[in-house]
Structure formats: C-alpha cells, structure tokens
Amino acid sequence: MTKKIESILNQEEFTKSDLIQLMKIEDKEDLELLFKKAYEIKSKYVGRKVYYRGLIEISNRCIKNCNYCGIRRDNKKVERFSMSKDEIMKSVKWIYENNYASLALQSGERQDKEFVDFIEDLIKEIKTLSNGKLGITLSLGEQSKETYQRWFDAGAHRYLLRIESTNLDIYNKLHPMDNKHTFEVRKRCLEYLREIGYQVGTGVMIGLPNQTEEDLVNDILFYKEMDIDMIGMGPYILHRDTPLGKEWENVVRSEEKRVELGLKMIAITRILLKDVNIAATTALQGLDPNGREKGLLAGANILMPTATALEHKGKYLLYDNKPGIKDSVEKAKEDMDKKVKSIGDEIVYGAWGDSLHFKNK
Ligand code: SAM
Ligand code: SF4
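Residues numbered from 1 in each chain as written. Chains lettered and ligands numbered in written order. Predicted model: local features only at pLDDT ≥ 70, side-chain atom pairs only at ≥ 80, totals over all residues. Heavy atoms only, no water.

Visitor: Outline unusual backbone geometry, listing residues and values.
Guide: The phi dihedral of K274 falls on the positive side, at around 60 degrees, and the residue is not glycine. With phi around 55 degrees, N321 is a residue other than glycine that occupies positive phi space. By secondary structure assignment, the location of N321 is in the loop between α14 (310-313) and α15 (329-343). (Helix = DSSP H or I, 4+ residues; strand = E, 2+ residues; numbered from the N terminus.)

Visitor: Lay out the site of ligand 1 with the relevant residues and their values.
Guide: Residues in contact with ligand 1 amount to 18 residues; listed here are only the nearest, Y68, S107, R162, E164 and I237. At a separation of 2.7 Å, an oxygen atom of ligand 1 approaches a polar side-chain atom of R162. Contact between ligand 1 and E164: an oxygen atom at 2.6 Å from a side-chain N or O atom of the residue. A total of 550 Å² of accessible area belongs to ligand 1 in isolation, and the protein chains cover 93% of it. By residue class, the composition of the shell around ligand 1 is 10 nonpolar, five polar and three charged. (Near = heavy atom within 4 Å. Polar contact = N/O pair within 3.5 Å; in protein donor to acceptor, adjacent residues only side chain to side chain. Areas by Shrake-Rupley, 256 points an atom, 1.4 Å probe, with all protein chains shown as cover. Nonpolar A, V, L, I, M, F, W, Y, C, P; charged D, E, K, R; others polar.)

Visitor: Can you explain the pairing of strand β4 (residues 135-139)? Please cite residues and give values.
Guide: It is a general feature of regular strands that their side chains alternate between the two faces of the sheet. Judged by how many residues are buried, β4 sits mostly within the fold: five of five residues are covered. Of the two faces of β4, the one carrying G135, T137 and S139 and the one carrying I136 and L138 are both buried. Judged from the five bridges that link them, strand β3 (residues 102-107) and β4 form a sheet pairing that is parallel. Paired with L105 across the strands is L138, a residue of β4. Tracing the backbone out of β3, into helix α5 (residues 113-129) and back to the parallel element β4 gives a crossover that is right-handed. For β4 and strand β5 (residues 158-160), the ladder comprises two bridges, and the chain directions are parallel. Its bridge partner being in β5, T137 is matched across the sheet by R158. (Buried < 20%, exposed > 50% of the residue type's maximum accessible area, 1.4 Å probe, protein only. Pairing = 2+ DSSP bridges. Right-handed = clockwise from strand over helix to strand, strands pointing away.)

Visitor: Describe helix α6 (residues 145-154), and please don't skip the residues or the numbers.
Guide: For α6, the set of buried residues is T147, Y148, W151 and A154. Taken down its axis, α6 places every buried residue within 125 degrees of arc, on the same side. Looking at α6, the residues exposed on the side facing more than 90 degrees away from the buried face are E146 and D153. In this structure, the buried residues of α6 make contact with α5, β4, β5 and α8 (183-196). (Arc of directions from axis to C-beta. Contact = heavy atoms within 4.5 Å.)

Visitor: How would you explain the pairing of strand β2 (residues 54-59) if you had to name every residue and give the values?
Guide: The buried count for β2 comes to six of six residues, which makes it a mostly enclosed element. Taken together, the five bridges between β2 and β3 define a ladder with parallel strand orientation. By the bridge assignment for β3, I56 is matched with L105. Once you follow β2 into helix α4 (residues 85-97) and on to β3, the crossover reads as right-handed.

Visitor: How would you explain the side chain of Q285 if you had to name every residue and give the values?
Guide: With respect to the secondary-structure elements, Q285 resides in helix α12 (residues 282-287). A relative accessible area of 10% means that Q285 is categorised as buried. In terms of polar contacts, Q285 uses its side chain to reach the backbone amide nitrogen of R292, at 3.1 Å. Leaving out residues up to four positions away in the same chain, Q285 has contacts with N290, G291, R292, E293, P323 and K339.

Visitor: Could you give an account of the environment of G203, with specific residues and numbers?
Guide: Its location among the elements puts G203 in the loop between β6 (199-202) and β7 (205-206). Measuring from C-alpha to C-alpha, the distance between G203 and K90 comes to 29 Å, with 113 residues separating the pair along the chain. Leaving out residues up to four positions away in the same chain, G203 has contacts with L161, R162, I163, E164, Y223, G232 and M233.

Laid out in structure tokens, this is it:
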C-alpha cells in the first residue's frame, strides 16, 4: 500500500477518490507518511509556529438542545452559571498579561437582547483594557446578521461556528428540529459572517456512528467550497446525560479510532487547504493524553488553552471526562508550553496569528 499512498501524497491536485483513500489509511507506515506530508505543508505555508487563544467559557446557559451536548437546554442535571463581567475581565487580564494576544469567548447559545448587549459591551471593554491589542474570537452560536454586525463593529474579528456534519442525515440526527435548528440556517450564518468581514471558522465532530470516510472528505470539501479561514474540529465524545450519549454508548467507535480519524482529518485538511489555521482541540486531548501534540504534528497550528475560572470549569462539560477541569490556568499554560516545545514548534507570543488564508485573499 505504501507506494500507492506515496504517489497520491506527491500529487499537486487531489480527486475526491484520492482524499477518500487517504482518509481510509490504517497501515501505520502510511499514517506516518500522511502526517509527515501534512507537517511539511504546515512548515512551508504557516511555519512551525503555534498561536494560543485563551479560551473563556463564559456561560453554560443554552437555548438549544443539541442531542450530543452535555450543556443542552434539557439536561436538568447541569448546574447553570454565567460569569459576571468582572469575572470575565479577570480572565481577560490574565490572558493579556501572559501575552497570548488572542482570546476566544465561548458559551451556550442565547439570542436575547440582554445577552447581545452584554457581549457587545464586553468586547468594547476588552478592546479598551488591551489598547486594542487583544484579538477576539467569538464562538457564541447562531445569531441574526445584525447581531454579528454589532459584535464585529465592537471589535471582534473572528467567529467559530461549526457545521458539525455536512451529511444531512447525521446533521438532523444531531439536532432536534425545534428552534429552526437546520443545516440551511447554520450555513447561512457562515455566509453572514463572511459578508460582514469576519475571519470565518467552522468544523465538524469526527467519528460519529454511521459517519463514513466519504462523509468526512465531504466535510473538508465543504471547508474549501466555503473558503473557510479557520478550522476547529475534534472527535465526538459521549456525554451520558444526552439522548445520543445513551443511544450510541455501545456503537461508538473506539477512542483510539476516533483519535486516529481526528488526526487524519487535520492532516488531510492541511494538505488540501494549506494556509488555513487549524486548531488541535481539547476533545482530541480528551481521548488521548498526547492528543494535542499529535494534532500539531499532523498539521494543526492553533491551541486554545482554557482560561475559564477554576470554579466554573467543572460546569462547562460538553462531554464526559473533559480533561484539565481541576487545573488552574497557570498549570494549563505550563503543561501546554512544555508539550509544544517537546515537539520543536515555536510558541508565538504577542502576535494575533491571524489566518494567512484570510490575509492571502
Ligand atoms: N453554543 C455554541 C455552538 O454550539 O456553536 C458554542 C459552544 S459549543 C459547546 C462548541 C462546540 O462543542 C460545538 O460546536 C460542538 O462541536 C462541540 N461539542 C459539544 N458537545 C460535544 C461532544 N459531546 N463531543 C465533542 N464535541 C462536542
Ligand atoms: Fe448549546 Fe452549543 Fe451545546 Fe448545542 S453545542 S447545546 S448550541 S452549547
């Protein structure tokens, strides 16, 4: 098999069938070849550099009811929290003082006026505190175009909204159809973000039951077709108090397989899209203690160390056994610094690390 994979990897252009063959690799030597190629492309197009985004999970209150997610509206076991502005600004200050240069605000979805105003004020305050120096990424779900515009005008410049899966049957299985939670709405949101001028990020969950290698390749082709600037994707992990966590308990692929698929997704995305930003996500780490370094070696260049206050971390549980919930922000940073250095990548402090794909347009 190695000769065949080698020859595909040496091509400049790839057909869908080539990409499916790469996604189906199982042989260890072939996997090494794939990751090596992806790392070469990363080195050439974005450098052996890693940028941090300090992640603040500001609230677990959510109006949506995604069938996979631990903080879905109907999970009554969750102790709900919303960080106050002061609490958030404390985390922001820590991120700024530690020279991360970028932060990401994430939360359950809310579309009410109070929330929209709160976020707008918060963005302005972050800009003021940092003299405009902190880059702001938002991951706050589906909103109206007007809301996205207000948050952009206030100073946010990147937005992450995962498409979750481009296979419509899987998408519909993941999302209850109340709340107009359709694929079309989600895709339209990505288009609004693009029109407004954000750097646009999306991604999918990997290793879902019934998700084929071809589905995953279609996800990557969707990134290409939508001219996406940033990718954040990771393995699906069960949460026991969700409908799918129960239904899929005995059918979900092994942890090892989901990690391997996650790494193949990173590598093939890097090989095809070249200059985009790709995050090695917490979920990868959730299934493999070395998941994030493996992600960097497979072509990722972004890490999102959490800067959520310790007292709230344990309540933002999207899936079971989320890693690092007992670690202080200092410990999270120390661990991550060590791991990045161990593979020989350089951590770039004090720079936004914007998507070169966005800049190169
Ligand atoms: N509420 C916003 C949204 O849905 O876009 C932002 C926060 S949401 C928790 C961020 C991401 O977490 C989702 O896009 C989803 O892919 C991921 N996620 C949620 N539950 C997960 C699970 N059980 N396994 C893996 N990823 C999960
Ligand atoms: Fe809410 Fe996001 Fe979880 Fe869906 S994935 S339930 S929108 S937090």
